[in-house]
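# Residue-level structure breakdown
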Amino acid sequence: MGRIAGITFAILLYSTMSAYLGWNLKKWLESIHLFRWPIIYWLGFFLIAFGFIIGRIHDLLSPFSIIGNYWMFFFEYGLIICIITNLIVAFTPLKNIAIVGSVAMGLLVVLFAWGTYNAYSPVVRNLEISVDKSGEPLRVVVASDFHLGVLSHKDHLQRFVDLSNEAKPDAVLLVGDLVDDDPIWFVEEGMNEVMKQLKATYGVYGVLGNHEYYGGKIPEFVEEMKESNVQILMDETILVGNRFFLTGQEDSTNKKRLPISKLKPENEELPWLVMNHTPNDLELPSQAQVDLHVSGHTHLGQLWPNNYITNKVFELDYGHMEKGSMHALVSSGFGFWGPPTRIGSRSELWVVDINFTGSK
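Residues numbered from 1 in each chain as written. Predicted model: local features only at pLDDT ≥ 70, side-chain atom pairs only at ≥ 80, totals over all residues. Heavy atoms only, no water.

### Considering the overall build of the chain
Under the convention used in this document: The way it works is that DSSP assigns letters per residue, a run of H or I at least four long becomes a helix, a run of E at least two long becomes a strand, and they are numbered from the N terminus. A radius of gyration in this sense is built from C-alpha atoms; the matching globule rule multiplies 2.2 Å by the number of residues raised to 0.38. Each residue is assigned to one of three classes by its accessible area relative to the maximum for its type, calculated with a 1.4 Å probe on protein chains only: buried under 20%, partly exposed between the two thresholds, exposed over 50%. Whether two residues touch is decided by their heavy atoms; if any such pair falls within 4.5 Å, the residues are in contact. Residue exposure ignores everything except the shown protein chains as possible cover, and the areas themselves are Shrake-Rupley values with a 1.4 Å probe. By the counting rule applied here, Lys and Arg register as positive and Asp and Glu as negative, while His and the ends of each chain are not counted. Charge positions are represented by NZ for Lys, CZ for Arg, CG for Asp and CD for Glu.
Counting secondary structure elements, the chain contains 12 helices and 12 strands. For 360 residues, the compact-globule estimate of 2.2 N^0.38 gives 21 Å, and the chain sits close to it at 23 Å. Split into buried and exposed, the 360 residues of the chain put 50% on the buried side. Within the chain, counting contacts between residues at least 6 apart in sequence, those at least 24 apart form 73% of the total. A total accessible area of about 17500 Å² is found for the chain, and carbon and sulfur atoms account for 62% of it. Averaged over its 27 positive side-chain charges, the chain has a centre that lies 7 Å from the centre of its 38 negative ones.

Okay, here's the thing in structure tokens:
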């Protein structure tokens, strides 16, 4: 009963906030003499507001999912802008709804354009670290959260492949949420042919993220990645090119995953790199003496001010930090979840150069 009550409350709260947005939009449309057909307006408005849920009912309704993804952006920033606009009209001499509403709508459009640019124009971040072990320098490309599907599409994956190949890495590490739940779009859009273009001296490796679990098609996903020359590591540690150990830890969504201590290589002289999608615990990897721990998942909130939430939830929600002798890196992701927009974050990949300072 408690769960049903919680879901009911969430739906009512969301519906109320959506109605508040719809009411503000209606007032603006009325002010510029464009409001027509109230019943059709409200029906269409709530179909869009619940599009993300409607689109999951049946494959034929999947276009609603796309509409729902875009709606998430307008819902979040529409709420912020509407509240500010209402305060301006209520407490300042600016009472003309047509003018104030038009400025607010223009701002929303500008934010949407800026967010779309940030999402589809990835950047390369560079990081140089030192590890107190012996060895020749290593260069790895790290990327996460592609959410490959309808909106994070084949062309966006091609951008990653081109940028990664330009870096000429020794290895490419894909740190989870490679597909948006279901790998069907990866297959149908022929994205495997793009992924196969990735070049790395010692290969391309990946791990599962929470969205691979949500999709419920892990065997199919792993097989598709294998055919794309991507080796998915699931709670296993391998020796790569006789140069370094690489661990792929199951995501914390899997409550039966092995602890990092069980995945530690016996040979402690070689560098140890760990991929773990969700950076919810950096203490245990540090204690296990991991050299480089890479994650994603947070998206750096993807849309400001959500980054304040991720900053509170995770010890490290973005970027690089040293924890003991371990280097930790969290990427904001190459793709996006929900709306194909980013405000306060940017689609990215990391090029990590690892130098070794220990004596041979």
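### Some details on the pattern of salt bridges
Let me state the cut-off plainly: The salt bridge definition used is simple: a Lys or Arg side-chain nitrogen within 4 Å of an Asp or Glu carboxyl oxygen.
Under the criterion given, the structure shown has 10 salt bridges. Where Lys217 meets Asp182, a salt bridge forms, and the shortest distance between an N and an O atom there is 2.9 Å. Here Asp182 lies in the loop between strand S3 (171–175) and helix H7 (184–188) and Lys217 lies in the loop between helix H9 (210–215) and helix H10 (218–227), a separation of 35 residues in the sequence. For Asp182, a relative accessible area of 22% corresponds to the partly exposed category. Through salt bridges with shared partners, a single network forms among Glu283, Glu315 and Lys323.

### Details of the sheet that holds strand S12 (residues 348–356)
Put simply, the rule is: Here, a strand pair is defined by DSSP locating no fewer than two bridges between the strands. Axis definition: a line fitted to C-alpha atoms, over the contacting stretch in the case of helices. Angles run 0 to 180 degrees between N-to-C directions.
Judged by pairing direction, the sheet is mixed, and its 6 strands sit side by side in the order S1-S12-S2-S3-S4-S5 without closing on themselves. Each edge of the open sheet carries a strand with a single partner, namely strand S1 (123–131) and strand S5 (230–232). Between one strand and the next, the sheet's axes are offset by a mean angle of 25°, whatever the strand orientation. Against the sheet, helix H6 (residues 154–167) contacts S1, strand S2 (138–143), S3 and S12, and its axis sits at roughly 165° relative to S2.

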